[in-house]
Amino acid sequence: MKRIFTYLILAAAVIVNCPGNCYADSRIGLQNLRCEMLNNPLGIGTIKPRLSWQITSDARNTNQVAYQILVASTPEKLTAGRGDLWDSHKVSSDASVMVNYSGKALDSRAACYWKVRVWTNNGATAWSKPAKWSVGLLNPTDWKAKWIGCDRGFAWDSVSKFSRLSARYYRCQFDLKPGIKKATAYIVGLGHYELYVNGQLLGDQVLAQAPTDYTQSVKYNTFDVTDHLKKGDNAIGTVLGNGRYFTMRPKYKPKKIKEFGFPKMLLQLEVEYNDGTKQTIISDNNWKFTADGPIRTNNEYDGEEYDATKEFPGWSKPGFDDSQWLKAELVQAPGGKLDAQMNEPIRVMDTIKPIGINQLKKDVWILDLGQNMAGWLQMRVKGNRGDKVTLRYAETVQPNNELYVANLRDAKVTDVYTLKGGAEEIWHPVFVYHGFRYVEISGYPGKPELNDFEGHVVYDALPTIGHFETSNDIVNKIYHNAYWGILSNYKGMPVDCPQRNERMPWLGDRAVGSLGESFVFANDNFYAKWLDDIAQSQKPDGAIPDVAPAYWNYYSDNMTWPGTYILVADMLYRQFADKAPIEKNYASMKKWMDYMRFKYMKNNIVTKDKYGDWCVPPESPELIHAKDSSLNTDGQLIATAYYYNLSGLMEKFARMLHKPADAQFFATIKQNIGKAFNDKYFDKTTSKYSNNTVTANLLPMYFGITPTANKQAVFKNIVAKINDAHDHISTGVIGTQWLMRGLTEFGRPDLAWRIASNTTYPSWGYMANRGATTIWELWNGDTANPAMNSRNHIMLLGDLIAWFYQDIAGIKTVNAGFKQLVMQPAITGELDSVNASYQTPYGLVRSNYTSTKKSFNWHVTVPPNSSARVYVPAKNISEVTEGGAKILGIKEIKPLKMENGRAILSIGSGDYDFEAKY
Ligand code: BGC
C-alpha cells in the first residue's frame, strides 16, 4: 500500500523551470550547505575550503550524477548567477561531501557567497539557498594589533598553590565616520574573554576561545560587528579571564604544570566604508584597563567570585570616565601561531530546572539538579548591598545530605556572589565551569525557591546527530548516562572529567570512545582540532604525551594513550570522510611510531607500557586498581598488540597517501610483530594468551594476530572467562574498547547484550541502578577510594556506543563517510525494538525495528546519494516483503543472496519497510 502511495507521489511530481535553463524537479532539493563542515563560517583559516551539501528527495534510489557550484564575491553577483570567484560549470561527479574549492585564489578577508545545484538520476534540483564563508587573517602581516596586558598581579591577587587572579577589564573608545559598510572584529583573549561593543555582549560563545598550548598555536575568533557600530563615538570593552593561560595550580609540586603567564589580548577591528575607505582599530597601549572590577577571582578548579558592588556601569560604552583606569601595557606575544578557530565555540547548550531543594541547617540549602552535568548555576536573588551568597558544587551527597567533596581532591569549586542590593539580581559565573549535580547554597537572603535557580549546561556547540532507543529501559538509561558524560567532557578539547582538580585532555580516554561519540555528536572539527593539539605537543625526538595540549607534562612513552592520535584520525576519515587530518598528521604519526620502535621494541615486542588495562574491576571494593595479577594483563602484551593494530592503520594511511614503500614497511612490521606475539604469548596446547584474561585473548583475536585455525579455540576461552565472571565485565579501559564488537563479530552478540544490559556489579547498568546519571571512572565508583573516583568520566564506555549504533541499530559505514552503508543489526534474542537514527554527511539514516522470536519488521531510511547493503533476518530471500509486497520485482531492491539466516539486499536511497520471518 505504502509503495503504491509513493508511486502516486512520484507521478504527481511537478517539473518546474529553473534559472539557467535546467529542469528542476521539485521532489529533489538541497539542504545543509557546509563549508569545512560549518554553517556559514566567518574567518576560516584556509583558502582551499571543502564544500558539502545534502540532497533531499522523495524518490527512492536518488544519486547525484553532476553538480555545479557558483562562488561570488557579493550576494548580488551570486543572485545574478555570476560566479566571479568560481563557476565550476557542470561537473560529472557523485561527490557531494568535501568537494574542494577550486576557484580564484582567495586571500585574507575574502567574502565568499555560494550556492550549488545538482543533477541526479531522478532529475535536477533548483539552485540551493545561498550560503557563505569568509576568510580570516592568514598572513602574519595582516595583524597590526599589538598584544596588551599587564604582567603582574595586584594586591588582591595571589600566585600561591591555589592561584587567585581577578579578571582584567580593557576598554578603548574611537570615532567612526558615517557610511559604515562592513566591520569585522578579530580577537584573542587569553585565557578566556568576553567582548562588548557599545555596551553589548557579542555572540553567544562562552569560555572562548578554544584552549591550546599557547606557545604553539593561538586561536582567534572572528565577528561581524557591522550592526553594532555607528558613526561618531564607539567603544569596545573586553574582560579577560584566566582559563588555562594563567594556570589554576602554578605551584603544584608533583606534576610539572605548564605556565603561560598573565592574561593578555589582541584585537583588530576593521571597518570598511561605503566610499571604499578603511579604518582599523587595534589593541595597543592607548587602551585603558583595570583589574579592580567585579570578578575578583576566576579559577577553573576553585570557582569564580563576583562582587556586584564593584560593577562600573557603562564601562564598555563611549563616554565612560576611565581616568582612574590604568594604561594598558604592551606585552610579549604568547609565542604560538595565530590560527583561526575552526571548531565550534562552547555555548550554553541546555538549561536544567532543579528538582529539589532541602534545608541542611540554618542558612544552608542543598539544591538537586537531578542530573550530573558540567556548567554552572544561574541564580536569581534579591537582598541588601553586600549580602554574600556562596555556591559550592558536588556530584553526590553523603547520607546526611551534606555535599560529598572527597573525590574533588583540592578543587574548591565555590562561587561567591556579593549583591549590589535593591532590585532583583540574576547572576552566573562566566570564566569557570563545574561538574555537579548538587549545589550547596549558603548566605542566600530569604528562602531560596526552586525556580530561583537554573543549571546551564556548557559544552562545545556540536549538534546532536544520533538517536538511540531500545525496548530495554536499563540500556536506554545507560545511553542517557553516556550522552551526558560525553557532553560534560567537551571543553574545546576532550577532558577526562569536569569536576576535580584535573580536567585534563588525556589521550587514552578517547581511543575508541571517540568513535562512539561521533555517532552522538558532530564532533569532526572538534577532534580535528585536537589532533592539531596532539601534533603540537610532539617532542623533537617524536614522543607524544599522554595529555595534549600538554598542560601537564606527561611524556611517559606508551602505546595505548598516544596511540589515540592514530585511531582518532582514522575515525574522522571513516565517519566524516575527512581525509585532511591523515594528510596533515601522517608525518608526525610515523615519527612517533619510529620513536617507539627504536626506543622500546626488542625482538618485535614493545617492551614499554604505562597503564596496563587501566581500571579493571578490582578484587576488593575499595581498591582503585586491581592488585591481583590474574586480573591484570601484561603491559608488554598490550603495547605490542597496539603497535600491531596501529601499524595496520598506518599501512592504510600510507596507501591512501600514495606512499607504497611506507605501506610495505608497515605491512612487514605487522607481520613480524604478529609472529613474535604469538611465539611469546600464545600457548598452543591451551589456546590461551598469557594469563588468559579477556583482554589478553581479545586483543590478538580482534586485531587479527591469532592464526585463523586457532580463532575458535581462543574465542571459546574468552567466552569461558566471561561465563566464569557470571557474564559480567572483567576488562578495563583497554579491553573494553574492543569487547562488544569483538563478541558480536565472533558470533556472540547475545553475550555482548547480556554484558551491556547487566544491572549487577560490575556493569554500566550497576552504575545506573546506583543512581548514576553519567558514567563513572571506576566500575566500583560507589565504594572505591575517593583519590581517583570521578562520577563523570567516559573512558569505561569502551566501544559500547559504537556497538549500539553499528551492531544493535546496524548503522555502519563501508567506506569513508557513509557513502555506502552496511546495515546488519545483530540479533541478541533479547530486544523487542530499536529506534535509531544518525545524521551522516549525506543525510539521515534510520533503523527502526521490532523483533519477535520469529519475525522482524524493519523500517530503514537511506539518504540520497548513498546506498546500503541490508541484512534482513529471514528464512528465505523470496519471502522478504517490503511495504507489504514481495521484494522480488521492486526495482530499487536488488536481492543478493541468503547467508547465515540473512537475506542480503542492495538498496538505493529512500524509505523501506521490510518484513520477514526467521
Ligand atoms: C585520569 C584518566 C587518565 C588517567 C591516566 C586519570 O587521573 O582521570 O582519565 O587517563 O589518569 O593516568
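Residues numbered from 1 in each chain as written. Predicted model: local features only at pLDDT ≥ 70, side-chain atom pairs only at ≥ 80, totals over all residues. Heavy atoms only, no water.

**Quick word on the overall build of the chain**
- Counting its regular elements, the chain contains 15 helices and 55 strands.
- For 918 residues, the compact-globule formula gives about 29 Å, and the C-alpha radius of gyration of the chain, at 29 Å, lands near that figure.
- Relative to its 918 residues, the chain shows a buried fraction of 62%.
- Sequence-distant contacts in the chain: of pairs separated by 6 or more residues, those separated by 24 or more amount to 75%.
- Per element, the accessible surface of the chain, about 33600 Å² overall, is 50% carbon and sulfur.
- Averaging the coordinates of the 105 positive side-chain charges in the chain and doing the same for the 93 negative ones gives two points 4 Å apart. (Helix = DSSP H or I, 4+ residues; strand = E, 2+ residues; numbered from the N terminus. Rg over C-alpha atoms; globule rule 2.2 N^0.38 Å. Buried < 20%, exposed > 50% of the residue type's maximum accessible area, 1.4 Å probe, protein only. Contact = heavy atoms within 4.5 Å. Areas by Shrake-Rupley, 256 points an atom, 1.4 Å probe, with all protein chains shown as cover. Lys, Arg positive; Asp, Glu negative; His and termini not counted. Charge placed at Lys NZ, Arg CZ, Asp CG, Glu CD.)

**Topic: the pattern of salt bridges**
- On inspection of all chains with the given rule, the structure shows 50 salt bridges.
- Taking the shortest distance from any N to any O, the salt bridge between Arg-168 and Asp-157 comes out at 3.0 Å. Placement of Arg-168 in strand 15 (residues 168-176) and of Asp-157 in the loop between strand 12 (148-149) and strand 13 (158-159) is noted, with a sequence separation of 11 residues between them.
- The exposure class assigned to Arg-168 is buried, which follows from its relative accessible area of 1%.
- Of the residues examined, Asp-157 reaches a relative accessible area of 10% and is grouped as buried.
- Linking Asp-727 and Arg-754 is a salt bridge whose minimum nitrogen-to-oxygen distance equals 2.7 Å. Of the two residues, Asp-727 is situated in the loop between helix 11 (708-724) and helix 12 (739-745) and Arg-754 in helix 13 (residues 749-757); the sequence distance between them amounts to 27 residues. (Salt bridge = Lys/Arg side-chain N within 4 Å of Asp/Glu carboxyl O.)

**So, the sheet that holds strand 45 (residues 812-813)**
- If you trace the 5 strands from one edge of the open sheet to the other, you get 45-46-50-54-53, paired in mixed fashion. In this open sheet, the two edge strands, each paired with only one partner strand, are strand 45 and strand 53 (893-899).
- With 4 bridges connecting them, strand 46 (residues 820-823) and strand 50 (residues 867-873) associate as parallel partners. Bridge pairing in strand 50 places Gln-820 opposite Ser-867. (Pairing = 2+ DSSP bridges.)

**Thoughts on the site of the ligand**
- In the region of the ligand, the neighbouring residues are Asp-496, Arg-500, Glu-502, Trp-506, Asp-509, Trp-561, Tyr-611, Trp-614, Glu-777, His-793 and Met-795.
- Within the side chain of Trp-561, one N or O atom sits 3.0 Å away from an oxygen atom of the ligand.
- For the ligand, an oxygen atom lies 2.9 Å from a polar atom in the side chain of His-793.
- Starting from 310 Å² of accessible surface for the ligand in isolation, the protein chains cover 94%.
- Of the residues contributing to the shell around the ligand, the split by class is 5 nonpolar, 1 polar and 5 charged. (Near = heavy atom within 4 Å. Polar contact = N/O pair within 3.5 Å; in protein donor to acceptor, adjacent residues only side chain to side chain. Nonpolar A, V, L, I, M, F, W, Y, C, P; charged D, E, K, R; others polar.)

**Regarding helix 3 (residues 473-488)**
- In a regular helix each residue adds 1.5 Å, so 16 residues correspond to 22 Å; helix 3 covers 22 Å between its end C-alpha atoms and thus fits that length.
- Among the residues making up helix 3, those that are buried are Ile-474, Val-475, Asn-476, Ile-478, Tyr-479, Asn-481, Ala-482, Trp-484, Gly-485, Ile-486, Leu-487 and Ser-488.
- Where helix 3 begins, the side chain of Asn-472 points an oxygen toward the backbone nitrogen of Ile-474, at a separation of 2.9 Å. (Expected span 1.5 Å × (residues − 1).)

**Here we look at the packing of aromatic side chains**
- Scanning the entire structure with this criterion turns up 71 aromatic pairs.
- Here Tyr-483 and Trp-484 contribute two aromatic rings whose centre-to-centre distance is 6.4 Å and whose plane-to-plane angle is 80 degrees, an arrangement assigned as edge-to-face.
- A connected cluster of aromatic rings, assembled from ring pairs, spans Phe-468, Tyr-479, Phe-519, Trp-753, Trp-803, Phe-804, Tyr-805, Phe-818 and Tyr-838.
- Lying over the aromatic face of Tyr-273, Lys-177 brings its terminal NZ or CZ to 4.6 Å of the ring centre. (Phe/Tyr/Trp six-rings, centres within 6.5 Å; stacked < 30°, edge-to-face > 60°. Lys NZ or Arg CZ within 6 Å of the ring centre and 35° of its normal.)

**Observations regarding unusual backbone geometry**
- Here the amide bond leading from Leu-190 into Gly-191 is cis, since omega sits at -15 degrees, within 30 degrees of zero.
- Position of Gly-191 relative to the elements: it lies in the loop between strand 16 (180-190) and strand 17 (192-197).
- Phi angles above zero are rare outside glycine, and Glu-36 is one such case at about 50 degrees.
- Structurally, Glu-36 can be placed in the loop between strand 3 (28-35) and strand 4 (50-57).
- One non-glycine residue with positive phi stands out, namely Asp-727, at about 55 degrees.
- The exposure class assigned to Asp-727 is buried, which follows from its relative accessible area of 12%.

**Here's the deal with helix 4 (residues 513-520)**
- In terms of burial, helix 4 is largely enclosed, as 8 of its 8 residues are buried.
- Along helix 4, the residues that are buried comprise Gly-513, Ser-514, Leu-515, Gly-516, Glu-517, Ser-518, Phe-519 and Val-520.

**Considerations on the pairing of strand 55 (residues 910-917)**
- Of the two faces of strand 55, the one holding Gly-910, Tyr-912, Phe-914 and Ala-916 is buried and the one holding Asp-911, Asp-913, Glu-915 and Lys-917 is not buried anywhere.
- Examined bridge by bridge, strand 49 (residues 855-862) and strand 55 share 8 bridges and lie antiparallel to one another. Paired with Ser-855 across the two strands is Lys-917, which belongs to strand 55.
- Direction of pairing for strand 51 (residues 881-882) relative to strand 55: antiparallel, over a ladder of 2 bridges. Along strand 55, the bridge assignment pairs Glu-882 with Phe-914.

**Section: the sheet that holds strand 47 (residues 833-840)**
- The 7 strands are arranged 40-47-48-49-55-51-52 in an open sheet whose pairing can be described as antiparallel. Each edge of the sheet is formed by a strand with only one pairing partner; in this case those strands are strand 40 (466-470) and strand 52 (885-886).
- Relative to strand 49, strand 48 (residues 843-851) is paired through 6 bridges, and the arrangement is antiparallel. Note on strand 49: the bridge partner recorded for Ser-847 is Val-860.
- In the packing of helix 15 (residues 800-809) onto the sheet, contacts are made with strand 40, strand 47 and strand 48, and the angle to strand 40 comes to roughly 65 degrees. (Axes fitted to C-alpha atoms, helices over the stretch in contact; angles between N-to-C directions.)

**Comments concerning the environment of Lys-132**
- Of note, Lys-132 is situated in strand 11 (residues 131-134).
- A residue is classified by how much of its surface remains accessible, and Lys-132, at 37% relative accessible area, is partly exposed.
- In sequence terms Lys-132 and Asn-286 are 154 residues apart; their C-alpha atoms lie 35 Å from each other.
- Ignoring sequence-local partners within four residues, the contact set of Lys-132 consists of Asn-40, Pro-41, Cys-112, Tyr-113 and Trp-114.

**Examining the confidence of the model for the chain**
- In the predicted model, the chain carries a mean pLDDT of 96, and the fraction of residues at 70 or more is 97%.
- Long-range and interchain partners of residues 1-22, a stretch whose pLDDT sits below 50, account for 37 contacts in this model, where long-range means more than four residues apart. (pLDDT = per-residue confidence, 0-100.)

**Regarding the side chain of His-859**
- With respect to the element layout, His-859 can be found in strand 49.
- There is a polar contact of 3.0 Å between the side chain of His-859 and the side chain of Asp-911.
- From its side chain, His-859 meets the backbone oxygen of Tyr-912 in a polar contact 3.4 Å long.
- With residues up to four places along the chain from it excluded, the contact list for His-859 reads Arg-846, Ser-847, Asn-848, Asp-911, Tyr-912 and Asp-913.

**Quick look at the side chain of Thr-640**
- In this structure, Thr-640 sits in helix 8 (residues 635-656).
- At a separation of 2.9 Å, a polar atom in the side chain of Thr-640 contacts the main-chain amide nitrogen of Val-606.
- Setting aside anything within four residues of it in sequence, one finds Thr-640 in contact with Asn-604, Ile-605, Val-606, Ile-673 and Phe-677.

**Comments concerning the environment of Asn-39**
- In this fold, Asn-39 is placed in the loop between strand 3 and strand 4.
- Asn-39 sits 93 residues away from Lys-132 along the chain, and the two C-alpha atoms are 8.1 Å apart.
- Setting aside chain neighbours within four positions, we find Asn-39 in contact with Asn-32, Leu-33 and Arg-34.

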